[in-house]
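Architecture at a glance
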Amino acid sequence: MIPAGPTGLRFLGVGSALPPKILTNDDLTASMDTSDEWIRERTGIGQRHIGGTTSGLATEAAAVAMTRAGVDPADIDLVILATTSPDYICPGTAPAVARELGLDCGAFDVSAACSGWVYGLTIAQGYLMQGMGRILVIGSETLDRITDYTDRGTGILFGNGAGAAVVEADPRGPDAGGGALLGWDTGADGNYVHILYSEHDGVLQMDGKEVFRQAVKAIVRSTTRTLEMAGLGIDDVDLVIPHQANVRILEAAWKKLGFSMDDTVEILERTGNTSGATIPMALDQALHDDRIAPGDNVLFLGFGAGMTWASALVRWAES
Ligand code: UT7
């Protein structure tokens with residue numbers, strides 16, 4: 001158990017990647033009985049990207065993150081790649097990404113579905129506490145390989161993409177302007193394996209209503225635990241960067257917690273649900289839009305198949 005309390009961690013650079021091919025809601029009406037209006041109203045999704053490979057998108061996003069961080073391959077000590085759609089069942093996808101980036105370091109995958117990138121961030125924190133220098137935490141997905149785009153229960157939701165962040169230890173501490181992981185929570189409930197899964201060589205099977213219900217519960221429980229660890233309240237959170245599966249899930253959870261969509265980064269309309277890639281891609285969007293100021297408290301919030309969930313409250317470094 002990593003001890004509770006502030007642990008220096010700051011983001012040096014963030015990047016993302018989307019494959020060029022777009023599948024719009026209107027495109028889907030050719031293969032299933034649905035409409036743009038229904039999908040937008042019931043999910044908030046307008047389009048999703050398809051194509052590419054998980055390692056290729058991860059490499060592209062990570063290369064951008066490294067350039068923005070101003071680091072060389074020799075500066076990276078570890079690659080943690082969250083994915084639920086790896087290139088191969090074996091080996092993991094991270095070693096291929098490390099090779100493409102010219103890295104000489106450890107590299108492994110995290111399989112925790114849509115919570116994977118936040119799990120990865122908490123794992124990175126553990127390594128940083130042990131003295132590791134800089135870590136790439138990536139989320140990358142090619143969900144089009146496990147999505148049936150003729151099934152209107154699942155095919156409207158999922159798309160491809162990748163996001164990546166370079167993080168490093170920050171020795172300053174939050175009171176001295178340092179970045180820090182102020183609180184975090186990871187959880188799982190294997191009783192709900194059957195509500196969202198894919199068998200080998202299969203496609204995603206989902207009980208959408210039950211996933212919706214369990215997601216709202218997990219969001220509320222995990223946010224509460226993370227804020228408790230940080231000793232902070234809802235009003236202390238400046239920005240929420242949640243996993244995005246359906247805008248209505250967030251609206252239902254926000255009603256219980258007291259967040260508003262104004263506090264929330266939303267990319268779902270243009271990306272669909274990209275599982276482990278959603279949160280780092282939304283972080284990239286937030287930075288691009290200047291929505292994070294030094295000293296802000298940013299809440300990352302993942303939930304998904306497993307069920308798994310994970311949240312992390314980060315104090316953004318002064319510089
Ligand atoms: O990362 C986690 C991943 N998964 C999720 O987060 C999924 C969570 N669940 C959901 O997002 C929603 O449950 C869905 C979007 C999957 C479905 O939305 P819903 O509001 O739960 O719809 P529903 O299944 O209750 O269906 C309502 C109606 C039904 O028609 P009737 O029986 O009322 O006549 C469905 O047959 O809407 C119909 N319907 C559709 N109509 C047009 C269901 N899917 C569609 C569709 N297009 N794609």
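The sections below set out a description of the structure shown in this document. (Residues numbered from 1 in each chain as written. Predicted model: local features only at pLDDT ≥ 70, side-chain atom pairs only at ≥ 80, totals over all residues. Heavy atoms only, no water.)

Structurally, Arg48 can be placed in strand E3 (residues 47-50). Although Arg48 is buried, it makes no salt bridge; Asp27 carries the closest opposite charge, 7.0 Å away. Here the side chain of Arg48 touches Asn25 through a polar contact of 2.9 Å, side chain to side chain. Within polar-contact distance, the side chain of Arg48 engages the backbone oxygen of Ile156 at 2.6 Å. (Helix = DSSP H or I, 4+ residues; strand = E, 2+ residues; numbered from the N terminus. Buried < 20%, exposed > 50% of the residue type's maximum accessible area, 1.4 Å probe, protein only. Lys, Arg positive; Asp, Glu negative; His and termini not counted. Salt bridge = Lys/Arg side-chain N within 4 Å of Asp/Glu carboxyl O. Polar contact = N/O pair within 3.5 Å; in protein donor to acceptor, adjacent residues only side chain to side chain.)

Further remarks concern the layout of surface pockets. Counted as a void, the largest pocket has a volume near 820 Å³. Lining the largest pocket are 31 residues, and of these Thr84, Ser85, Pro86, Ile146 and Ser198 sit closest to its centre. The class makeup of the residues in the lining of the largest pocket is 15 nonpolar, 11 polar and 5 charged. Estimated volume of the second largest pocket: approximately 540 Å³. (1 Å grid on protein atoms, 1.4 Å probe; cavity = no way out; pocket = protein on both sides within 12 Å on 5 of 7 lines; lining within 4 Å. Points joined across faces, edges and corners; volume = space filled by probe spheres on them. Nonpolar A, V, L, I, M, F, W, Y, C, P; charged D, E, K, R; others polar.)

Counted according to the given criterion, the structure contains 0 disulfides. Distance from the sulfur of Cys90, which forms no disulfide, to the nearest cysteine sulfur (Cys105) is 19 Å. (Disulfide = S-S within 2.5 Å.)

The next subject is the pattern of salt bridges. Counting across every chain of the model gives 11 salt bridges. For Asp33, the salt bridge is made with Arg152, and the minimal N-O distance between the two is 3.9 Å. One end of the pair, Asp33, is in the loop between helix H1 (25-28) and helix H2 (36-43); the other, Arg152, is in the loop between strand E6 (134-142) and strand E7 (160-168), with 119 residues separating them in the sequence. Put simply, Arg99 and Glu100 hold a salt bridge, and the shortest N to O gap is 2.9 Å. In this structure, a network of salt bridges that share partners links the residues Arg10, Asp75, Arg134 and Glu168.

It is worth spelling out the packing of helix H3 (residues 54-69) against helix H4 (residues 94-101) at this point. Taken N-terminus to C-terminus, the directions of H3 and H4 make an angle of 50°; their axes are 9 Å apart at the nearest point. Put simply, H3 runs oblique to H4. For the pair H3 and H4, the crossing hand works out as right-handed. Residues Ser55, Ala58, Thr59, Ala62, Ala63 and Met66 of H3 form the contact with H4, whose own contacting residues are Ala96, Val97, Glu100 and Leu101. (Axes fitted to C-alpha atoms, helices over the stretch in contact; angles between N-to-C directions. Parallel < 35°, antiparallel > 145°, perpendicular 65-115°, else oblique. Left-handed = near helix turned anticlockwise from the far one by under 90°. Contact = heavy atoms within 4.5 Å.)

Moving on to the sheet that holds strand E1 (residues 10-17). Strand order in the open sheet formed by 5 strands is E1-E7-E6-E4-E5, with mixed pairing between adjacent strands. Pairing within the sheet leaves two strands with one partner each, and these edge strands are E1 and strand E5 (106-110). On average, each strand axis in the sheet is tilted by 15° relative to the strand beside it, whichever way the strands run. By the bridge criterion, 5 bridges tie strand E4 (residues 78-82) to E6 in an arrangement that is parallel. In the strand pairing of E6, Ala82 is matched with Gly139. Against the sheet, H4 touches E4, E5 and E6, its axis set at about 140° to E5. (Pairing = 2+ DSSP bridges.)

Okay, the nonpolar core next. Formed by 43 residues in total, the largest nonpolar core has its most connected members in Ile219, Ile249 and Trp254. The set of elements that each furnish at least two residues to this core consists of strand E8 (180-188), helix H6 (208-230), helix H7 (247-257), strand E12 (297-304) and strand E13 (308-315). Here this core gets 7 residues from one element, more than from any other, and that element is H6. Contact partners of Ile249, with chain neighbours within four places excluded, come to Phe212, Ala215, Val216, Ile219 and Phe303. Leu128, Ile135, Ala277 and Ala312 belong to the second-largest nonpolar core, a separate cluster that totals 37 residues. (Core = buried A, V, L, I, M, F, W, Y, C linked by side-chain atoms within 4.5 Å.)

Any link to function would need more than the numbers given here.
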